[in-house]
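Spelled out from the first residue to the last, the chains are:
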Amino acid sequence: MTILLADPVVRAVRVLDNGDPLVPLDYALGVLVREGLARRLDVARALLPSGVDLRVVEGHRTAAGQSAIIERYKAELRGLHPAADEVELDRLSSRFVAPLAVAPHVAGAAVDLTLVTRSGAELWMGTEVDATPEESDGACFFGAPVDDEARHNRTVLAGALAAAGLINYPTEWWHWSYGDRYWALLTGADHAVYGPVEVPAWARA
Ligand SMILES: C[C@@H](N)C(=O)N[C@H](C)C(=O)O
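Residues numbered from 1 in each chain as written. Predicted model: local features only at pLDDT ≥ 70, side-chain atom pairs only at ≥ 80, totals over all residues. Heavy atoms only, no water.

An unreviewed UniProt entry annotates the protein chain as D-alanyl-D-alanine dipeptidase of Lentzea flaviverrucosa. Listed under Catalytic activity (unreviewed entry) in UniProt, the entry text for the protein chain is "D-alanyl-D-alanine + H2O = 2 D-alanine". (UniProt positions renumbered as here; feature names shortened; annotations may be inferred.)

**Student:** It is not clear to me how the site of the ligand should be interpreted in this structure. Could you clarify?
**Tutor:** The environment of the ligand is formed by 15 residues, the closest being Arg-61, Gln-66, Phe-96, Ala-98 and Asp-130. Gln-66 places a polar side-chain atom, nitrogen or oxygen, 3.0 Å from an oxygen atom of the ligand. Considered on its own, the ligand offers 320 Å² of accessible surface; in the complex 99% of this is hidden by protein. Here the shell around the ligand is composed, by residue class, of 8 nonpolar, 3 polar and 4 charged. (Near = heavy atom within 4 Å. Polar contact = N/O pair within 3.5 Å; in protein donor to acceptor, adjacent residues only side chain to side chain. Areas by Shrake-Rupley, 256 points an atom, 1.4 Å probe, with all protein chains shown as cover. Nonpolar A, V, L, I, M, F, W, Y, C, P; charged D, E, K, R; others polar.)

**Student:** Is there a simple way to think about the side chain of His-60 in this case?
**Tutor:** Mapped onto the elements, His-60 comes out in the loop between β3 (52-58) and α3 (63-80). Polar side-chain contacts of His-60 include one of 2.8 Å to the backbone oxygen of Val-197. Setting aside its immediate chain neighbours within four residues, His-60 contacts Leu-22, Leu-32, Val-33, His-105, Val-106, Ala-107, Gly-108, Ala-110, Val-197, Glu-198 and Val-199. (Helix = DSSP H or I, 4+ residues; strand = E, 2+ residues; numbered from the N terminus. Contact = heavy atoms within 4.5 Å.)

**Student:** Is there a simple way to explain α3 in this structure?
**Tutor:** Side chains of residues three or four places apart in an α-helix project in the same direction, reflecting 3.6 residues per turn. With 18 residues, α3 ought to run about 26 Å at 1.5 Å a step, and its terminal C-alpha atoms sit 26 Å apart, in line with that. Burial in α3 covers these residues: Gln-66, Ile-69, Ile-70, Tyr-73, Lys-74 and Leu-77. Along the axis of α3, the buried residues cluster in a sector spanning 125°; they form a single face. Among the exposed residues of α3, those oriented more than 90 degrees off its buried face are Ala-64, Arg-72 and Gly-79. Residues of α3 that are buried sit in contact with α4 (86-93) and α5 (133-136). (Expected span 1.5 Å × (residues − 1). Buried < 20%, exposed > 50% of the residue type's maximum accessible area, 1.4 Å probe, protein only. Arc of directions from axis to C-beta.)

**Student:** Sorry, what's going on with the nonpolar core here?
**Tutor:** Within soluble globular proteins, side chains that are nonpolar generally end up buried alongside one another. Of all hydrophobic cores here, the largest spans 57 residues; its most connected members are Leu-41, Val-111, Leu-113, Leu-157, Leu-161, Leu-166 and Trp-176. The element contributing the most residues to this core is helix α6 (residues 148-163), with 5 residues. The contacts of Trp-176, once residues within four sequence positions are left out, are Ala-109, Ala-110, Val-111, Leu-113, Phe-142, Leu-157, Ala-158, Leu-161, Ala-162, Leu-166, Ile-167 and Asn-168. (Core = buried A, V, L, I, M, F, W, Y, C linked by side-chain atoms within 4.5 Å.)

Below is the structure:
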């Protein structure tokens, strides 16, 4: 059964931040991630079939950016589920966006990504990156019944990223992380190694 990011077991995981800095990815303009994650993405890239590469769409996200996505999506959910209380809204929204307290992107520990050919064409994955459960009728879930091409490409993506030490958030085929609380919970690590981190001065506009 999928553990959602709103589940209290995620928040209960300890964080002992190892202080890895945020670093830019030279193959993804404007994207910052923790150094340990960047190294693992390099490993994953090397494991991909010839002619296929990662397109990293997003890495570190500010707390304000995370909160804005939460508020926007919760407003949509309130319209769709007028009888839902706040606990249920938190649960539903965490299928698509993490609660701020445990947000992997805010820790620089997560990437949203897909696969591209050498010429930059995106491979078919069954949905666009960031399609909500409602927009995609559930096809955004990694294990959803998608067509053979999308299943093959999701399997290639997962094979490289999992071998490099990342874990997937099962409600989003494109979301992978290393070092955050969710990663620690799923891998059985004693603690998370990345907590919330600010954008360094050198990277601010
Ligand atoms: C909003 C979506 N792109 C995303 O990043 N979701 C994950 C679960 C997150 O908020 O960490």
